[in-house]
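Chains, contacts and geometry: an overview
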Amino acid sequence: MRAAWYESTGPASAVLRVGEMEDPQPGAGEVRIRVHASGINHGDVIKRQDWIGYGMAWPRVIPHSDGAGVIDAVGEGVPAARVGERVWCYDAQSYRPFGTAAGYVTVPAEKAVHLPDGVSFEQGACLGISGITAHRALFMDGPLRDTWVLVTGATGAVGRSAVALARRGGARVIATVRRPGPVPGADHVLLADGTLPARVKELTAGRGATGCSRWRSGPMRTPIWSSSPWEG
């Protein structure tokens, strides 16, 4: 198969290699996906550049934890009926050496999730880390129906997912942006400037909103009130 990999950490131009590798074979409880789209996240860059100082956990790494494609082989214990299923996957290169920047990838069967026919592979490859992060940030404290939710950075990958999930969960959504423009699914779009706390208070009739943000250390959900966008 064709794949991209690195055997030392550093800038992409210095360490990434593209070439041929043997096709992976699924182990027990795994599926093999013929990759149609591979999704890159900031975590992939952090690991390759060794920002955290962990070094190389394996001699060779194929990057990218998210992807989408079609299951073409299954391991022991996985129903053969899954062959031919369109799926999106996550954690392909989380605590494993070989991710989705390749023609094929193997993952535990539960991490290959059905992808409906109406959803493109490119969209599917964006659902993993971003979608899971948004979902956790929004729903870890309970349901959102009939609440106000403020999504900061709403045009990013996590932000777009958060807007869609919050709306689907029955919330009224306020999205923030740095430049004026539409945010599909948001009830209100506000500029992220010094007027934001007052605007949130005005829109919510003084109730405030639950905030969904994405910090370097992880997702955050916290009450938003009037004096500061992060004061609860």
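Quick summary incoming for the structure in this document.

Calculation rules
Residues numbered from 1 in each chain as written. Predicted model: local features only at pLDDT ≥ 70, side-chain atom pairs only at ≥ 80, totals over all residues. Heavy atoms only, no water. Core = buried A, V, L, I, M, F, W, Y, C linked by side-chain atoms within 4.5 Å. Buried < 20%, exposed > 50% of the residue type's maximum accessible area, 1.4 Å probe, protein only. Helix = DSSP H or I, 4+ residues; strand = E, 2+ residues; numbered from the N terminus. Contact = heavy atoms within 4.5 Å. Phe/Tyr/Trp six-rings, centres within 6.5 Å; stacked < 30°, edge-to-face > 60°. Lys NZ or Arg CZ within 6 Å of the ring centre and 35° of its normal. Pairing = 2+ DSSP bridges. Axes fitted to C-alpha atoms, helices over the stretch in contact; angles between N-to-C directions. Arc of directions from axis to C-beta.

Glancing now at the nonpolar core. Formed by 16 residues in total, the largest nonpolar core has its most connected members in Val149, Val151, Val163, Ala166 and Val183. For this core, the leading source of residues is helix H5 (residues 157-168), giving four residues. In contact with Val149, not counting residues within four places along its chain, are Leu138, Leu144, Ala166, Ala171, Arg172, Val173, Ile174, Ala209 and Thr210. Ile71, Val87, Cys89 and Val107 belong to the second-largest nonpolar core, a separate cluster that totals twelve residues.

Moving on, we come to the packing of aromatic side chains. For the structure on display, the rule yields one aromatic pair. When the ring of Trp88 is compared with that of Tyr90, the centres are 5.8 Å apart and the planes differ by 40 degrees; the resulting orientation is tilted. Each member of the pair, Trp88 as well as Tyr90, carries the same accessibility label: buried. The ring of Tyr104 has Arg32 lying over it, and the distance from NZ or CZ to the ring centre is 4.7 Å. Over the aromatic face of Trp5 sits the side chain of Arg60, whose NZ or CZ is 4.1 Å from the ring centroid.

In this structure, Asp91 takes a positive phi of about 60 degrees despite not being glycine. Tracing the backbone through its elements, the reader meets Asp91 in the loop between strand E5 (86-89) and strand E6 (104-108). Judged by relative accessible area, Asp91 falls into the partly exposed class, the value being 25%. In this model, Ala205 sits at a positive phi of 55 degrees, which is unusual for a non-glycine residue.

Spatially, five strands are ordered E6-E3-E4-E5-E7 in an open sheet, and the strand pairing comes out antiparallel. Edge positions in the sheet fall to E6 and strand E7 (112-114), since each of these pairs with one other strand and no more. For this sheet, the mean inter-axis angle between neighbouring strands, taken without regard to orientation, is 45 degrees. Where strand E3 (residues 30-39) and E6 come together, five bridges link them in antiparallel fashion. Considered in E6, the bridge of Glu30 is made with Pro108.

All of the buried residues in helix H4 (residues 129-139) are Ser130, Gly131, Thr133, Ala134, Ala137 and Leu138. All buried residues of H4 lie within an arc of 165 degrees about the axis, which places them on one face of the element.

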